[in-house]
Amino acid sequence: MKTVLDSSVLVSAFLTPHGIPGQVLAAGLAGRFEIILSEPILTETLLSLQDRPRLAARYGYTDAAATRYVADLAAAVTVLGDLQPIPPVCRDPDDDHVLAAATTAAAAFIVTGDRDLLDLRSYEAIQILPPRAFLEMVDR
């Protein structure tokens, strides 16, 4: 079951590994579904974690730890190269790359905490779910 995890899920999984997004990531890394990422998703994840002194102080991580996390993710999952172009879809055009990744991979699901994506509910035949709903489905 190919599933694209959005950077919002990956950032949350890094910050709170025992939370729901962390459990989603752990389930994928354990082989319960196939995690699909793209270079833009990895870049967005790293940029969301780096150079944020308040966030780093609150959660006790360094830029080096964030870089290592993203590199470890890239080594452990399927990372897409070129993405299939899609027409503008999302009300936030910066989120269209997530839809393009899912389309390119022929994914069944996108898991995200991003309201702009969640409000779509689906794109083509791809279901867009929040982490909790996806985890409940995987646990069934």
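Residues numbered from 1 in each chain as written. Predicted model: local features only at pLDDT ≥ 70, side-chain atom pairs only at ≥ 80, totals over all residues. Heavy atoms only, no water.

Draft legend 1. A look at the environment of L73. If you trace the backbone, L73 turns up in helix α5 (residues 63-76). Judged by its relative accessible area of 4%, L73 is buried. Through-space distance from the C-alpha of L73 to that of I41 is 11 Å; in sequence the pair is 32 residues apart. When neighbours within four sequence positions are excluded, L73 is seen to be in contact with L10, L25, L37 and L42. (Helix = DSSP H or I, 4+ residues; strand = E, 2+ residues; numbered from the N terminus. Buried < 20%, exposed > 50% of the residue type's maximum accessible area, 1.4 Å probe, protein only. Contact = heavy atoms within 4.5 Å.)

Draft legend 2. Representation of the packing of helix α1 (residues 7-15) against helix α3 (residues 39-49) in the model. It is the contact of α1 with α3, at a shortest axis distance of 9 Å, that shows an interaxial angle of 45°. Considered as vectors, α1 and α3 are oriented oblique to each other. When you trace α1 past α3, the crossing you get is right-handed. For the pair formed by α1 and α3, the contact residues are S7, L10, V11, F14 and L15 on the first element and I41, E44, T45, S48 and L49 on the second. (Axes fitted to C-alpha atoms, helices over the stretch in contact; angles between N-to-C directions. Parallel < 35°, antiparallel > 145°, perpendicular 65-115°, else oblique. Left-handed = near helix turned anticlockwise from the far one by under 90°.)

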